[in-house]
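Residue-level structure breakdown
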Amino acid sequence: MEYKKKENKEPGPILLLGRFGFDGDHLERSGLFEYINRGSKIKSVNYPNLDITFMTAHSSKGLGYDDVIIVNGKNETYGFPSKIEDDPVLVFVIRGDRSMDYAEERRLFYVAMTRTKNRVFFIAPEQNPSEFLLELKRDYKNVVLHGDWNEEEASGRPKKACPLCGYPMQLKYKKAYCLRLYICTNEPEVCSFMTNDLRGDKLSIQKCDKCRDGYLVVKQRRDSGFFLGCTNYKPNGTGCNKAINKKTFYDQMGYEIEKSEALYAEKPVEGQQEPKQKASKKQVIVTASAKQSTADRALKDDFIEINLAEDIRPVMYGNYELNHLLFIVVKALQNISKVRYYGVTVLAEVLKGIDSRKIVENKLDKLPEFGALQDMPYETIKAVIEWMITEHLILKTKGKYPVLHSTYEGLHYSEMITKGKLHKLKKYLEDVVVG
């Protein structure tokens, strides 16, 4: 939008490209977009009038758009290039081409880049950008970087060689662990090393001897040290807090610690505090254009003040004025979403004033809307929320564990609500709750 404003142009059709189809679902879970899977249309909550289409790079061949935004430019397994070993789709097209690293991924990346004659935006994490983006920035002068990424860390990523025997490591999904793991290709009788993170050096996954059904996997401290922590760990203390620091593990296995590792190896893991990544949440935009711009920030979920519709005559349902009732619900959802995205149950519990453990631990009982509808039956509150979902005042995501997001209509409640909709809600409650 900043670029178009500087050029005195109206934005045209925009193509959002992902490496995988689930990138569209990830956009929706951010709370900034609404993804309509069947039609490949995606709607920006903050800019609802933009014409945005989402598709995978595979699907975009032969198409053309005014501007292209390529997301997920990270140096990870499901980034771009994809690091999946033996990708079932690529098996049919690579046909043994090993002339350069990620040969088919490069062709796919080229397809994605050339869907426009105007400008291409790439979105990537600062601490772990795609190898392809690093090459573009290094080799082409018309590429502009907005942000400050760490090229040394990306270029110094761990080699896929077993730290114990030197055999190649293979990235595979293991059903027994429900994890994607680096597994040594040597004979299991000789070397059975496997890990979820090669940066942990010789730290190897093992069964947790405390909770029995968990696994000790490689995790990272805030200070960049690595340790083994149980997969059943929970920050609230209700899970398994079993943890082993590197020195203890190395002593058990008879390994020697390198001098460069000694600084972090002996530090205890207090209560197995969940380590936080040092990587910044900031995003960078790599722009394939000769023109500079001040658009050096990613889209932010800016706070929008939700207002009550004041010029609508009251529509009552029992003792509740429905205009005010809906206003309370959209405000509650907005405040809950500042903490985390939750489903229908949590929103209903906050409105009802139920101080469940989840509510208290996340301090949702401190929200101004907590208990605002305490006199309304719990099932009626849930019915109101479900109606708001059907009327698009609230978005309910797809998937096994759906959560709620604010929509453009919900954030602009005072402009979108009408007396007709309030009467529609009243009839719905009378039919559903009473009936």
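About the criteria used
- Residue numbers here run from 1 along each chain, matching the order of that chain's written sequence.
- Restriction of local features to residues with pLDDT of at least 70 applies here, the model being predicted, together with a cutoff of 80 or more for giving and counting side-chain atom pairs; totals for whole chains, interfaces and linings are based on all residues.
- By convention in this description, side-chain values take in all heavy atoms of the structure and omit both hydrogens and water.
- Should DSSP find at least two bridges between two strands, the strands are regarded as paired.
- Helix and strand labels come from DSSP, where a helix needs a run of H or I of at least four residues and a strand needs a run of E of at least two; each type is numbered from the N terminus.
- Among buried residues, the Ala, Val, Leu, Ile, Met, Phe, Trp, Tyr and Cys ones that are joined through side-chain atoms within 4.5 Å form a nonpolar core.
- Think of it in three bands: with a 1.4 Å probe and only protein chains considered, a residue is buried below 20% of the maximum accessible area for its type, exposed above 50%, and partly exposed in between.
- Residue contacts are counted whenever heavy atoms from the two residues lie within 4.5 Å of one another.
- Here, a salt bridge means any side-chain nitrogen of Lys or Arg that lies within 4 Å of a carboxyl oxygen of Asp or Glu.

Across the sheet, three strands lie side by side as E8-E9-E10; this open sheet has antiparallel pairing. Two strands close off the open sheet at either side, each with one partner strand: strand E8 (169-174) and strand E10 (194-195). By the bridge criterion, six bridges tie E8 to strand E9 (residues 179-184) in an arrangement that is antiparallel. Residue pairing for E9: Leu-171 is matched across the bridge by Tyr-182.

This brings us to the nonpolar core. Judged by nonpolar contacts, the single largest core of 45 residues is most densely connected at Leu-347 and Ile-385. Only helix H9 (322-339), helix H10 (344-352), helix H12 (378-390) and helix H15 (419-434) provide two or more residues apiece to this core. The residues contacting Ile-385, other than those within four sequence positions of it, are Val-329, Val-344, Leu-347, Ala-348, Leu-351, Ile-394 and Leu-404. Membership of the second largest hydrophobic core comes to 20 residues, among which are Phe-80, Val-120, Leu-136 and Val-143.

Of all five residues in strand E1 (residues 14-18), five are buried, a share of seventy percent or more. Side chains of E1 alternate between two faces, with Ile-14, Leu-16 and Gly-18 and Leu-15 and Leu-17 buried alike. When E1 meets strand E4 (residues 52-56), the two strands line up parallel, connected through five bridges. Bridge pairing links Leu-15 to Thr-53 in E4. The pairing of E1 with strand E5 (residues 67-70) spans four bridges and is parallel. If you follow Ile-14 over to E5, its bridge partner there is Asp-67.

Here we take up the pattern of salt bridges. Inspection of every chain in the model, using the stated rule, returns 15 salt bridges. Lys-331 is the partner of Glu-305 in a salt bridge, and the nearest nitrogen-oxygen pair spans 3.8 Å. Of this pair, Glu-305 sits in the loop between strand E15 (283-288) and strand E16 (316-317) while Lys-331 sits in helix H9, placing them 26 residues apart in sequence. Where Glu-361 meets Arg-357, a salt bridge forms, and the shortest distance between an N and an O atom there is 4.0 Å. Taken together, the residues span about one helical turn, with Glu-361 and Arg-357 both in helix H11 (residues 357-361) at a distance of four residues.

What is shown is where atoms sit, not what they do.
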